[in-house]
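Commentary on secondary and tertiary structure
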Amino acid sequence: MSRNSSSRRSSDSSGSGSGSGQVGSRRRFLVGSAGVVGGGALGVLGLPGAAQAAAAATGTLYIASDSTAQTYSSGYYPQAGWGQKLSTYFTSNITVANRAIGGRSSRSFIEQGRLAAIHQVIKAGDYLFVQFGHNDATVGNAERYTSPADYKEYLRNDYIRGTRARGATPVVVTPVSRRSYNATTGKFNVSFPAYVDAAKAVAQEEGAPLVDLSAASRAYLDGIGVEASKGIFLWLNAGQYPNFPNGVQDNTHFQERGAVEMARLVARAVAGLGLPLSGEVLPGLARQGGYAGGRLAGSAG
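In this report, the structure presented in the accompanying data block is examined. If you're wondering where the values come from, they're calculated on a predicted model, not measured in any experiment.

About the criteria used
Residues numbered from 1 in each chain as written. Predicted model: local features only at pLDDT ≥ 70, side-chain atom pairs only at ≥ 80, totals over all residues. Heavy atoms only, no water. Core = buried A, V, L, I, M, F, W, Y, C linked by side-chain atoms within 4.5 Å. Buried < 20%, exposed > 50% of the residue type's maximum accessible area, 1.4 Å probe, protein only. Helix = DSSP H or I, 4+ residues; strand = E, 2+ residues; numbered from the N terminus. Contact = heavy atoms within 4.5 Å. Pairing = 2+ DSSP bridges. Salt bridge = Lys/Arg side-chain N within 4 Å of Asp/Glu carboxyl O.

Considerations on the nonpolar core
Counting 38 residues, the largest nonpolar core has Phe 90 and Phe 129 as its most contacted members. A total of 8 residues in this core trace back to one element, the largest contributor, which is helix H8 (residues 256–271). Here Phe 129 is in contact with Leu 61, Tyr 62, Ile 63, Ala 64, Val 171, Val 173, Val 266, Val 270 and Leu 277, once residues within four sequence places are set aside. Within the second largest apolar cluster, 27 residues are counted, among which are Phe 109, Ile 110, Ile 118 and Ile 160.

What follows is the structure in structure tokens.
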């Protein structure tokens, strides 16, 4: 097993970069998903949080996302995504199936059939974590670009309602922060704020669980500081790693330590959501200090 391989409980899509795919209508939703309105706003979340947390969770946690979360092969070490490290923080009852892939937006992930492939196998008791925004915001790339308004409706109709229609639980994850900061204050900026706001809004409107990874990652980066953040992102010196002989200064993607830290933030947030899955976060993790970044949309706090 390579140094950056996921644990045996993970079932991941490996590789790097964006693939090609037939671009369809920007407003095309998966068949049947747009009409799923009558099941109630909370769907499988209808039980009180305490009752849900008491039930043991077994099943699969699917991840639909981009290169910030994807699993990388050993040929890209030390580059890593938070999704490939997430299973580290859960008990053996949970299998993480990381379907994140580089270069995808909320729209292109659908148009290329990747969400449909998840929906073909997802079942009651499973979870779908969805994090997009980085590629949605690339205005100059027609294959990827998705306006904040369209992004919100894809989250609503395809990812949230389409997943609930299959008896599974969607979890909205706001886009993780880039290494973008105010040079005067040293504080990190909100990355893709329009998409962060849209994700929060649709989670609130649909009563979907929300992991505010945008806020959690930004608070973490503020805590360690600008210079130390180079050890989180893919900032490598020439000759430091064979896979990056010339070095790299990448403010979007993570090296292994960063992926581990971002996965930890996601897991800590999940521990506070009151879902059956929350009880499968390894003991002690949720009690660690710092900003957890998670809540059930619509709840206090």
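Now that the structure is up, let's keep going.
Structural notes on the sheet that holds strand S3 (residues 79–80)
In space, the 3 strands of this open sheet follow the order S3-S9-S8, with antiparallel pairing throughout. A strand with exactly one partner marks an edge of an open sheet, and here the two such strands are S3 and strand S8 (233–236). Alignment of S3 against strand S9 (residues 248–255), held across 2 bridges, turns out to be antiparallel. Each bridged residue has a counterpart across the sheet, and for Gln 79 the counterpart in S9 is Gln 255.

Points about the environment of Ala 267
Counting through the fold element by element, Ala 267 comes out in helix H8. It is 9.6 Å that separates the C-alpha atoms of Ala 267 and Glu 280, two residues lying 13 residues apart in sequence.

Considering the pattern of salt bridges
Inspection of the entire model under this criterion finds 11 salt bridges. Note that Arg 264 is salt-bridged to Glu 261, the shortest N-O span being 2.6 Å. Note that Arg 264 and Glu 261 are positioned in helix H8 at a spacing of 3 residues, about one turn of the helix. With respect to burial, Arg 264 and Glu 261 carry one shared label: buried. Via salt bridges that share partners, Lys 152, Glu 153, Arg 156, Arg 161, Glu 205 and Glu 206 belong to a single interconnected network.

Note that every value here comes from positions in space, so none of it alone points to a role or purpose.
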